[in-house]
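Overview (structure and organization)
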Amino acid sequence: MLIIIITLIVCIIVFLCALYRDKLSFINVKLENIEEKINSILIKRRALVLDSEKIIKEVLGTSKQIYENLSELSNPNISMMELDRKLLIYINEFYLIKDKYKKLQSSDEFQKIAFEINETEDKLNAYKEYYNDAALKYNKLIKGFPQKIISFLKRTKEKEFFDKKSISDTDYGDFKY
């Protein structure tokens, strides 16, 4: 009788492990897909910032550098989250320049870039929210039983949220946005 109970318990644990592994795989695929979408938006935003510098120089008739350290955006070792933060700095500078120089308002090329930056910002915010929701589900799942055992054995790590917060982080005042 004891062997039957132990066998039944082992079967239930194996079944739960398989079920959680499938859920984990599904969420992981979801995260990978959204990472690709975020990455493509970030690449587009980087190109827009680079193009905006050329247009600003043309319209204002200057040869001065518009953005400082713009070459850091081309670093191949930069993470997606770090690229997002750096781009945010340059895009904020873009808006400051846009407000400061009314001459730029008459440039169709400049207006087109401003429109595309706004468009990418809306998409990026939606993708980040979706990513963070999926990351939260993933992190909760790897901390539950029996997945915690499998996660420990596989050395599965938590996914960072797009604001670099950890699910176990108790510091709620460190949001970067």
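All of the points below concern the structure found in this document.

**Points about the overall build of the chain**
Helix and strand counts for the chain stand at four helices and zero strands. Counting only residues that meet the buried cut, the chain has 34% of its 177 residues in that class. When contacts within the chain are restricted to residue pairs at least 6 apart in sequence, long-range pairs at least 24 apart make up 66% of them. Element-wise, carbon and sulfur atoms account for 58% of the exposed surface of the chain, whose accessible area totals about 11,500 Å².

**So, the packing of aromatic side chains**
Two measures describe an aromatic ring pair: the distance that separates the ring centres and the angle between the ring planes. Taken as a whole and assessed by the stated rule, the structure comprises three aromatic pairs. On the numbers, 5.7 Å between centres and 80° between planes, the contact of Tyr-67 with Tyr-90 is edge-to-face. Separated by 23 residues along the polypeptide, Tyr-67 in the loop between helix H1 (2–60) and helix H2 (80–100) and Tyr-90 in helix H2 bring together distant segments of the chain. The class of Tyr-90 is buried, set by a relative accessible area of 3%. Centroid distance Phe-94 to Tyr-95: 5.5 Å. Interplanar angle 75°. Geometry classified as edge-to-face. The pair formed by Phe-94 and Tyr-95 is uniform in burial state, with each residue classed as buried. The ring of Tyr-138 has Lys-159 lying over it, and the distance from NZ or CZ to the ring centre is 5.4 Å.

**Some words on the packing of H1 against H2**
Where H1 contacts H2, the axes come no closer than 10 Å and their chain directions differ by 35°. In this structure, H1 meets H2 at a crossing whose hand is left-handed. Along its contact with H1, which presents Glu-35, Ile-38, Asn-39, Leu-42, Arg-45, Arg-46, Val-49, Ser-52 and Ile-56, the element H2 presents Met-80, Leu-83, Asp-84, Leu-87, Tyr-90, Ile-91, Phe-94 and Ile-97. Within the contact of H1 with H2, the residues separate by chemical class into 11 nonpolar, two polar and four charged.

**Side note on the pattern of salt bridges**
For the structure shown, the criterion picks out four salt bridges. Linking Glu-72 and Lys-86 is a salt bridge whose minimum nitrogen-to-oxygen distance equals 3.6 Å. One end of the pair, Glu-72, is in the loop between H1 and H2; the other, Lys-86, is in helix H2, and 14 residues separate them in sequence. With relative accessibility at 28%, the residue Glu-72 sits in the partly exposed group.

**Thoughts on the environment of Ala-134**
Tracing the sequence through the fold places Ala-134 in helix H3 (residues 108–143). Looking at Ala-134, the relative accessible area reads 6%, which means it is buried. In this structure the C-alpha to C-alpha distance between Ala-134 and Ile-27, which are 107 residues apart in sequence, comes to 6.5 Å. Aside from chain neighbours lying at most four places away, what touches Ala-134 is Ile-27, Lys-30 and Leu-31.

**What about the nonpolar core?**
Grouped together as the largest cluster of nonpolar side chains are 40 residues, with contacts concentrated most on Ile-38, Val-49, Ile-56, Tyr-67, Phe-94 and Tyr-131. Those elements that place two or more of their residues in this core are H1, H2 and H3. Those residues within four positions of Ile-38 in sequence are excluded, and the remaining contacts are Met-80, Leu-124, Tyr-127, Lys-128, Tyr-131 and Phe-162.

Cut-offs applied
- The numbers attached to residues start from 1 for each chain and follow its sequence in the written order.
- Since the coordinates come from a predicted model, pLDDT governs what is reported: local features require at least 70, and pairs of side-chain atoms require 80 or more to be given and counted, while whole-chain, interface and lining totals use all residues.
- Side-chain calculation: all heavy atoms of the structure are included, whereas hydrogens and water are not.
- Where helices and strands are cited, they refer to DSSP runs of H or I of at least four residues and of E of at least two residues respectively, numbered from the N terminus.
- Categorising residues by exposure relies on relative accessible area from a 1.4 Å probe, with only protein chains included: less than 20% of the type maximum marks a residue as buried, more than 50% marks it as exposed, and the intermediate range marks it as partly exposed.
- Note on definitions: a residue-residue contact is assigned when non-hydrogen atoms from the two residues lie within 4.5 Å.
- For accessible areas, the Shrake-Rupley method is used with a probe of radius 1.4 Å. Any residue's cover is judged against the shown protein chains and nothing else.
- Pairing of aromatic side chains requires ring centres within 6.5 Å, counting the rings of Phe and Tyr and the six-membered ring of Trp. Pairs whose planes differ by under 30 degrees are stacked, by over 60 edge-to-face, and all others tilted.
- Counting as a charge over the ring demands two things of the Lys NZ or Arg CZ atom: a distance within 6 Å of the ring centre and an angle within 35 degrees of the ring normal.
- A fitted line through C-alpha atoms represents every axis, and for helices the fit uses only the stretch in contact; the resulting angles, taken between N-to-C directions, go from 0 to 180 degrees.
- Note on convention: the crossing is left-handed when the near helix lies turned anticlockwise from the far helix by less than a right angle, right-handed when the turn is clockwise.
- Three categories are distinguished: nonpolar for Ala, Val, Leu, Ile, Met, Phe, Trp, Tyr, Cys and Pro, charged for Asp, Glu, Lys and Arg, and polar for the others, with Gly belonging to the last.
- Just to be clear on terms, a salt bridge is a Lys or Arg side-chain nitrogen sitting within 4 Å of an Asp or Glu carboxyl oxygen.
- To define a nonpolar core, start from buried Ala, Val, Leu, Ile, Met, Phe, Trp, Tyr and Cys residues and group those joined through side-chain atoms within 4.5 Å.

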